[in-house]
Each structure stands twice: as C-alpha cells, then as structure tokens.
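# Observations on the model geometry
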Amino acid sequence: MAERTEQRLEDRVPELQQLERVGLFTHKEIKAVLRKASALEYKIQRRALRKEDFITYIQYEINLLELIKKRRARIGYSFKKDEIEHSILQRVHSLFNRATGKWKDDVQLWLSHVAFCKQWNSKHQLSKVFSSMLAIHPNKPELWIMAAKWEMETQLSSESARRLFLRALRFHPECPKLYQEYFRMELMHAEKQRKEKKAFEQAKMDLGEFSYSEDILNGEMARIIYRDAAQKIKGVPFHLAVLSIAKLFDFTQDLQKEILESLQAQYADDPLTWDYMARRELELGSPQSTGHTTKQMKVSEMTQREERCCAVFEEAVRAVPTEDMWKCYITFCLERYNRKTNSEELKQKRLERSLSVFNKAYESNLLLEAFYKQWLQLLLECNLSEKATEVAEAATKRFTQSVEMWQMRLQVLIQLKSDDVAQCFEEAIKHVNSKDTLPLWILWVEWSEGTNNKEDTDALYQRSLRATTPAESVTMKEKYLDWTYRNGGYKKVRRVFTSLCENRPLSVDFFRKMIQIEKEQQSSKMLHLREYYERALREFGSTGSDLWLEYIKEELSHPQGKPENCGSIHWRAMKMLQGDLVEDFISKYTLLQTGHL
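Residues numbered from 1 in each chain as written. Predicted model: local features only at pLDDT ≥ 70, side-chain atom pairs only at ≥ 80, totals over all residues. Heavy atoms only, no water.

## Some points on the overall build of the protein
Operational definition: Numbering goes from the N terminus for both helices and strands, where a helix is a DSSP run of H or I of at least four residues and a strand is a run of E of at least two. Each residue's exposure class comes from its accessible area (1.4 Å probe, protein chains only) as a fraction of the maximum for that residue type: buried when under 20%, exposed when over 50%, partly exposed otherwise. Should any heavy atoms of two residues lie within 4.5 Å, those residues are considered in contact. Computed by Shrake-Rupley with a 1.4 Å probe, the accessible areas treat only the displayed protein chains as cover when residues are assessed. Neither His nor the chain termini are counted; the positive set is Lys and Arg, and the negative set is Asp and Glu. By convention, the charge on Lys lies at NZ, on Arg at CZ, on Asp at CG and on Glu at CD.
Scanning the protein for helices and strands turns up 29 helices and zero strands. Scored against the burial criterion, the 597 residues of the protein give a buried share of 44%. A sequence separation of at least 24 residues applies to 60% of the contacts in the protein between residues at least 6 apart. Carbon together with sulfur atoms contributes 50% to the accessible area of the protein, which is approximately 32700 Å² in total. Within the protein, the 88 negative side-chain charges are centred at a point lying 5 Å from the centre of the 94 positive side-chain charges.

## Describing the domain arrangement of the protein
Bring the parts together and some accessible area is lost; that lost area is often taken as the interface size. Note the following rule: All domain edges in this entry derive from an automatic or database-based domain assignment.
Domain boundaries assigned for the protein yield domain 1 (1–103) and domain 2 (528–596). A separation of 52 Å is found between the C-alpha centroids of domain 1 and domain 2.

## Notes on the packing of aromatic side chains
In this description, an aromatic ring pair is defined by two values, namely the gap between the centres and the angle between the planes. The following threshold applies: Note on aromatic contacts: the rings of Phe and Tyr and the six-membered ring of Trp form a pair at centre separations within 6.5 Å, being stacked when their planes are under 30 degrees apart, edge-to-face when over 60 apart, and tilted otherwise.
Throughout the structure, instances matching the rule amount to 28 aromatic pairs. Aromatic pair Tyr461 and Tyr480: ring centres 5.2 Å apart, planes at 15 degrees, arrangement stacked. Here Tyr480 lies in helix α24 (residues 470–501) and Tyr461 lies in helix α23 (residues 454–467), a separation of 19 residues in the sequence. The pair formed by Tyr461 and Tyr480 is uniform in burial state, with each residue classed as buried. Measuring from centroid to centroid gives 6.0 Å for Phe497 and Phe511, while their planes differ by 80 degrees, and the two rings are edge-to-face. With a gap of 14 residues between them, Phe497 in helix α24 and Phe511 in helix α25 (residues 508–520) connect regions that are remote in the sequence. Taking relative accessible area as the criterion, Phe497 reaches 0% and is therefore assigned buried. Taken together, the ring pairs in this structure connect Phe358, Tyr362, Phe371, Tyr372, Trp375 and Phe399 into an aromatic cluster.

## Considerations on the packing of helix α21 (residues 421–431) against helix α22 (residues 438–451)
Applied cut-off: Each axis is a line fitted through C-alpha atoms, taken for helices only over the stretch in contact, and angles between the N-to-C directions span 0 to 180 degrees. In these notes the angle categories are as follows: under 35 degrees is roughly parallel, over 145 is roughly antiparallel, 65 to 115 is roughly perpendicular, and the rest is oblique. Handedness of each helix crossing follows the sense of rotation of the near helix against the far helix: counterclockwise by less than a right angle gives left-handed, clockwise gives right-handed. In this classification, Asp, Glu, Lys and Arg are treated as charged, Ala, Val, Leu, Ile, Met, Phe, Trp, Tyr, Cys and Pro as nonpolar, and every other residue, Gly included, as polar.
Packing of α21 against α22 brings their axes to within 11 Å, and their N-to-C directions diverge by 160 degrees. Taken together, α21 and α22 sit at an angle that is classed as roughly antiparallel. Judged by the twist between their axes, the crossing of α21 over α22 is left-handed. Between α21 and α22, the contacting residues are Val421, Ala422, Phe425, Glu426, Ala428 and Ile429 on the first element and Leu440, Trp441, Leu443, Trp444 and Trp447 on the second. Across the contact of α21 with α22, the residue classes break down as 10 nonpolar, no polar and one charged.

## Details of the side chain of Glu281
On the secondary structure map, Glu281 appears in helix α14 (residues 271–284). Overall, the relative accessible area of 18% leaves Glu281 in the buried class. Setting aside chain neighbours within four positions, we find Glu281 in contact with Arg305, Arg308, Cys309 and Val312.

## A look at helix α18 (residues 369–381)
Helical geometry: 3.6 residues make up each α-helical turn, so side chains three or four residues apart lie on a common side. The set of residues buried in α18 consists of Phe371, Tyr372, Trp375, Leu376, Leu378, Leu379 and Leu380. Considering only its buried residues, α18 is in contact with α16 (323–338), α17 (344–363), α19 (385–398) and α20 (403–415). Looking one or two places after α18, you find Asn383, whose phi comes out positive at around 60 degrees.

## Some thoughts on unusual backbone geometry
Between Arg504 and the following residue, Pro505, the backbone shows a cis peptide bond with an omega angle of 5 degrees. Tracing the backbone shows Pro505 in the loop between α24 and α25. Located in the positive-phi region is Lys80, a residue other than glycine, with phi close to 60 degrees. The phi angle at Asn365 is positive, at roughly 60 degrees, despite the residue not being glycine. Its location among the elements puts Asn365 in the loop between α17 and α18.

## Re the UniProt feature "domain: U3 small nucleolar RNA-associated protein 6 N-terminal" (unreviewed entry) in the protein
To keep it simple, the criterion reads: UniProt positions are given in the numbering used here, feature names are shortened, and annotations may be inferred rather than shown by experiment.
Per the UniProt annotation, the sites labelled "domain: U3 small nucleolar RNA-associated protein 6 N-terminal" (unreviewed entry) are residues 9–91. Between the first and last C-alpha atoms of residues 9–91 the distance is 11 Å; the span itself is 75% helix and 0% strand.

## Some words on the nonpolar core
Note the following rule: Side-chain atoms within 4.5 Å are what join buried Ala, Val, Leu, Ile, Met, Phe, Trp, Tyr and Cys residues into a set we call a nonpolar core.
Core analysis: the largest hydrophobic core is formed by 91 residues, its most contacted members being Phe183 and Tyr372. When residues in this core are grouped by element, the largest group, nine residues, is from α16. Filtering out sequence-adjacent residues up to four positions away, Tyr372 remains in contact with Tyr362, Leu367, Val391, Ala395, Arg398, Phe399, Met405 and Met408. Counting residues in hydrophobic clusters, the runner-up holds 55 residues, among them Ile429, Val445, Leu537 and Phe540.

## Re helix α15 (residues 295–319)
Going by this rule: Here, expected helix span is obtained from the residue count minus one, scaled by 1.5 Å.
With 25 residues, α15 should cover 36 Å at 1.5 Å per step; its first-to-last C-alpha distance of 36 Å lies within 8% of that length. The complete set of buried residues in α15 reads Val299, Glu301, Thr303, Arg305, Glu306, Cys309, Cys310, Val312, Phe313, Glu314, Ala316 and Val317. Considering only its buried residues, α15 is in contact with α14, α16 and α17.

Laid out in structure tokens, this is it:
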C-alpha cells in the first residue's frame, strides 16, 4: 500500500515542477500541495475506505484546477496545459471511477462525475461515465434522458440519442417522461434537418446523392413515437404534454391536429380535455385588423375571447356535470378575474362572470368545499352581505362536520355584526366532532372578549376547558391565563393559575406565561417564581434543559434570589435529565458560568 502511495505521489512531481517553472506556483506552495496530497492519498489507500475521504480528495483537486485557471488568467500564460491540467484531470477521473466502483448505488456520486466532465469538457470520459452509470442504474428514466440530451445537444448526434431512448424504453415501456423527451428529440432533429436543407438551397449547393427524407423533415418519426406511446400510456395529461411540445415547432400543424383529434375521441368525458379546448379559445383570437388598434378594441377583443372560452365551458358542464368539471370552469374564471387590467369594464365583466359561475355550480349542488371561501370573499368585496350570509349557511348545511365551513360562516356573521353569532357558535359546536373544535372555541372566546362582558367571557373560557379534548384544552388554558391577567389583574390570575394547575395536561408555555406575569410586577417575588418553576419542572423537568437553566439564572439575577440554591438545582437537573439532554445541559451551564449565556 505504501509503495503504491509513494508511486502516485512521484507521478505528481512533473506537473508540480512545471507549475513552479512557469511561475504559476511558488516553491513553498508546491511543498504545501505535496504535503496535502500525501495526506489525502494515504487516506484512500486504507483497508477500510470511506466515501468522505474520496469526496474530500476530489474537491481538493478541483479547487487546485480552479486556482491554476485563475492564475493563468492573471499572468496571461496559457501553455503547458497537457503537462499540468491534463494529469490533474486524469487523476480526478480516476478518483471518481474508484469511488463509483466502490459505492455503485450512490447516484449523487455519479452525477458529480457527470458535472465535472461537463465543466472541464471531458467529452470522451463523459461518454464512458454515462455508459457505466446506465449499466448500473437502468431503472432511473431521468438518467437515460440526461444522457440522450447530452448526445443530442452537445455531441450533436441524434443517432446516439435515439439509440439511448430506444434502450431506455425497453426498460421503461410505459414511462410518459421518456416518450415525451424522445418525441421532443425527434422534432428537434427534424427542425435541424429543415434548417440545413434551407441553408443548402439558399447557397444553391449541389447535394449530390445526399437527400433529405421528407418524412423526417415533416416530423414523421415523432408521429410514430406518439402513436406507439398513445397505445401504452392512458390519460389526458400525456396527450396535453406532447401537444405542448409539438406546438413549439412551426411545422407540426398536422401532428397537432392528430393529437387533438385523438384526445377528443378517447377522452371526451374528461374535464381536462374540455378545460384544454376551452382555454384554447384564448390563443386563437380574431383575425388581426390592419389598422391602428385602440385600447377599447383590445378590451373588446379580450372580452370576445373570454366569452368564447366560457361558451365551451358551458357546453362542458352540460356534457360532463361533475364537481371536477365545475372546478375547471371556476378556476378559469378566477384566474381571469385576478389578472391585472386597466379596464374597469373588463374587470367588472370578469367579476360578474365569476359570481355567476359560482352560483350555477352551487345550484347544481356540485360546488367543491374549497371554493365556498373564495365565493364568499367575492360576495363581501361586492357588499352582497345578504347573499354572503345565505351562501355561508348553505355551506354548513352541505358540509355539516367541516370546521372550515363553520369558521367561514362565523367569520362572515362577525364581519357583518350579525345578532346570530352566539346561536351559530352553539350550532357549530353541536355538529363538529369534539376533537376538531379547538379553532371554533378560539374564535368564540376571541369574539366574546370584544363583545360580551367579563363574566360571560370567563364562563365561556371555563366551558371550553370542559368541552375540548385534553390535548386541545392546553391551548385554551394558555389563552385563559393571558385573558384573565389582561382583564382581572394579578390576584385573579394567581387564583386561576392555581386552579388550572390541578387540571392536567399543561404546557411549558403555560408556566412560562405565569413566570413572565410575575416578573412584570413591580414587587416581583422570588418565592412565587420558585413555586412556578418547581411546578413546571415537576411536569417537564425530564424533557428539556432550558427550564433548569432559566431557574438557575433567576436565582442568580433576582434581587431576592439565592445563588447558593444553584448547586442543588444543578444536582436535581443532572438526576432528571437523560442521554443527550445531560450533555446539552452541561454545555449550556458552562456557558452560563462564563457569562456567555
């Protein structure tokens, strides 16, 4: 092992000598490089190899290459690259090959080698890397696509790219992404051939026996791929994906037509098909007028396009009356409404259209739960409070157990200052499962704080503690403590705190809130603070070190504190805490003693 390491280090000497000779590195720097290389080399010759050692070595060599590149640029020296960079590049490739040979399953390691080859333009080496990587990871379509794209775009070899795609499809015969990229590649190849042919024709060059295939020029290979894929891959998204690719090329009108006809024939009842056909009307537009186009004409043109889209959507919801179809229609209307426009007339039409479509979906009983909130927002924006109240009530009737629907209805009533708020809260609590009611109780007590007297709000808080699940009651206890202090003062909050402590579970924040309240008093008592800390530590002393440290800091900093108690608190903390928490406590306690915490 030592002999092999020494040999590798000796192999570096010529390149290091050249670096010094041409003035890129000093003698001192060369010695430092040799020392570092020696240490790195010994690490990767050990019996128990570590991936991190290879990565560190590779990164060091890459940094060295970057430094050489910068220094060449600085002094304007561009010779001796074969003697210097070439040998470093070969060494990096060798390190990558050893690492990927040892840790074959690490895809990220392979991709790092690919990135290195691309960065340093090692085309021949990259071809080998792709070949080895695909032999080990044939089950990853994205790697096949990456290799094929490189062949097509960098090597300019459509034949090699085609071979890779065909091999990939043998492993993944039903992978939509592979078919899409293969389809794209063939269209790119056809476009390239068309440009070549046009250039030859413009230059009036004699092509001799060479001729361009009309089928390839017209994208016939892409058509074959699409037809093959369409038999294996079902669903609208794939058809729409290849259609969007075809639209990028200006010679694919017939192909686009075929894909569209196939889509309509096979998936006439799919909402996504109708959605595409409707939105397509936006792109089609009217024949452009030759004269000057005014702002009003543009608004009129856009209005007509949107109305044509809606006409298709109206036909769609009649043909496919489902929630998903209405979802597509409503989403389209909201997208158009949210688009910026300087035309108040257009904005008003979009608003009216959105409200109308919401109403039609609702009357058809096909409005999804998620859309009610957006509908209500629009109604309230338009000051249609009566309709908003009606819609909110309808939402809770249709989705009786939905917390979101009840919250939404209550928020509408609160915003409109309705007299029915309290009654609606009672109704909501009856219908919603008790384990889900916390958001409703929070909303209820917050509304009560601003509306009802203190006695009613206090009673509501106490009722919420009985009604919520133990886990959810923790949040209500924190809120109750905070509200009591704000509205009843210090003595009242002390009584409530003592009472709540008997009603577990509790939270750390509950105790911290009471500690904070005590510290805000003009005559803050250490006796009370000790009581709160002791209660908190009985509950949470074994689950974290922070409470213990806060307690110690309090004894050290409070005017009535007893620093001599700190040793006892420290000893108890060490007994109660376990595992990593002990180490965490010790390190933080050390910082506290040195004044850094």
